[in-house]
Each structure stands twice: as C-alpha cells, then as structure tokens.
Amino acid sequence: FTCHEFPWNPGDQAYLFSDGVTDQFGGPAGKKLKRSGLIRAIDEIRSLPMAEQRRLFKQFFQTWKGTLPQLDDVMMIGIRT
C-alpha cells in the first residue's frame, strides 16, 4: 500500500462508498444508480449539515431501490472538516 496525504481546508468534504451503492438497481427504469447518479444525489445535499445529509441520503437510497432487492452490502461515509 502507498500512503497518500491530502491537505484539508475548513469546510472540505469527502465521501467514501462501497460499490453496493452504485450497483443498486432502482429508479423509474429499474437501472443501476451508477457513479453519476450518486454524484447528482450528493451534489443536491452537500451544503446541508452532515446529519441532514445522512437522513436525506438514506431516504434517497430507499426511494431509488424501491421494492427491488438490495444486491450487495451498502456503505457510505461522509466527512466534513
């Protein structure tokens, strides 16, 4: 493994997620969320407090998934300095 360090400035945010998030089928067409769909979802809520982001993202993901089965483990972590 190679150690990488990134400088952080006040207000910077980072999101870590498993492939289970982007591979989930759902939405109106029953297709995968994909990275682009996840980025759109994050972009809509990124200015909100982290606790509110958590609530809204959970709601978004459940709505996206709908009645389709969850295919994989899902993990998402958001960090703000």
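Preceding block: the structure.
Before going into details, it helps to say that this report is about the structure given with it.

Calculation notes
- Residues numbered from 1 in each chain as written.
- Predicted model: local features only at pLDDT ≥ 70, side-chain atom pairs only at ≥ 80, totals over all residues.
- Heavy atoms only, no water.
- Core = buried A, V, L, I, M, F, W, Y, C linked by side-chain atoms within 4.5 Å.
- Buried < 20%, exposed > 50% of the residue type's maximum accessible area, 1.4 Å probe, protein only.
- Helix = DSSP H or I, 4+ residues; strand = E, 2+ residues; numbered from the N terminus.
- Contact = heavy atoms within 4.5 Å.
- Phe/Tyr/Trp six-rings, centres within 6.5 Å; stacked < 30°, edge-to-face > 60°.
- Salt bridge = Lys/Arg side-chain N within 4 Å of Asp/Glu carboxyl O.
- Expected span 1.5 Å × (residues − 1).
- Arc of directions from axis to C-beta.

Description of the nonpolar core
Piece 1. By size, the foremost hydrophobic cluster in this structure holds 10 residues: Tyr 15, Val 21, Leu 33, Leu 38, Ala 41, Ile 42, Ile 45, Phe 57, Phe 61 and Trp 64.
Piece 2. Every element with two or more residues in this core is listed here: helix H2 (34-45) and helix H3 (50-65).
Piece 3. If you tally residues by element for this core, the top one is H2, at four residues.
Piece 4. The residues contacting Tyr 15, other than those within four sequence positions of it, are Ile 42, Arg 46, Gln 53, Met 76, Ile 77 and Gly 78.

Quick notes on the packing of aromatic side chains
Piece 1. The tally for this structure, following the rule as stated, stands at three aromatic pairs.
Piece 2. Their ring planes at 25° and their centres at 6.4 Å tell us that Phe 57 and Phe 61 sit as a pair that is stacked. Here Phe 61 and Phe 57 lie together in helix H3, a separation of four residues that amounts to about one turn. Across the pair, exposure class does not vary: Phe 57 and Phe 61 are buried alike.
Piece 3. In textbook terms, an aromatic cluster arises when at least three aromatic residues are bridged by ring pairs, as seen for Phe 57, Phe 60, Phe 61 and Trp 64.

Some thoughts on the environment of Ser 47
Piece 1. Its location among the elements puts Ser 47 in the loop between H2 and H3.
Piece 2. Between the alpha carbons of Ser 47 and Lys 34 there is a distance of 22 Å; along the sequence they are 13 residues apart.

Topic: the pattern of salt bridges
Piece 1. Under the counting rule described, the total for this entry stands at three salt bridges.
Piece 2. Residue Asp 43 pairs with Arg 46 through a salt bridge whose shortest N-O separation is 2.6 Å.
Piece 3. Residue classification places Asp 43 among the partly exposed positions, given a relative accessible area of 46%.
Piece 4. Assessed through its relative accessible area of 44%, Arg 46 is described here as partly exposed.

A closer look at H3
Piece 1. When the terminal C-alpha atoms of H3 are compared, their 22 Å separation across 16 residues agrees well with the 22 Å that a helix rising 1.5 Å per residue should span.
Piece 2. Where H3 is concerned, the buried positions are Gln 53, Phe 57, Phe 61, Trp 64 and Lys 65. Along the axis of H3, the buried positions cluster into a sector of 90°, meaning they face one direction only. Exposed side of H3, more than 90 degrees from the buried face: Ala 51 and Thr 63 are the residues found there.

Some thoughts on H2
Piece 1. Helix length check: H2, at 12 residues, gives a terminal C-alpha distance of 18 Å against a target of 16 Å (1.5 Å per residue), a fit within 8%.
Piece 2. Residues of H2 that are buried: Gly 37, Leu 38, Ala 41, Ile 42 and Ile 45. Viewed along the axis of H2, the buried residues span an arc of 135°, placing them on a single side of the element. Seen from the open side of H2, the exposed residues pointing more than 90 degrees away from its buried face are Arg 35, Arg 40 and Glu 44.
Piece 3. Packing partners of the buried residues in H2 comprise strand E1 (13-17), helix H1 (19-22), H3 and strand E4 (76-80).

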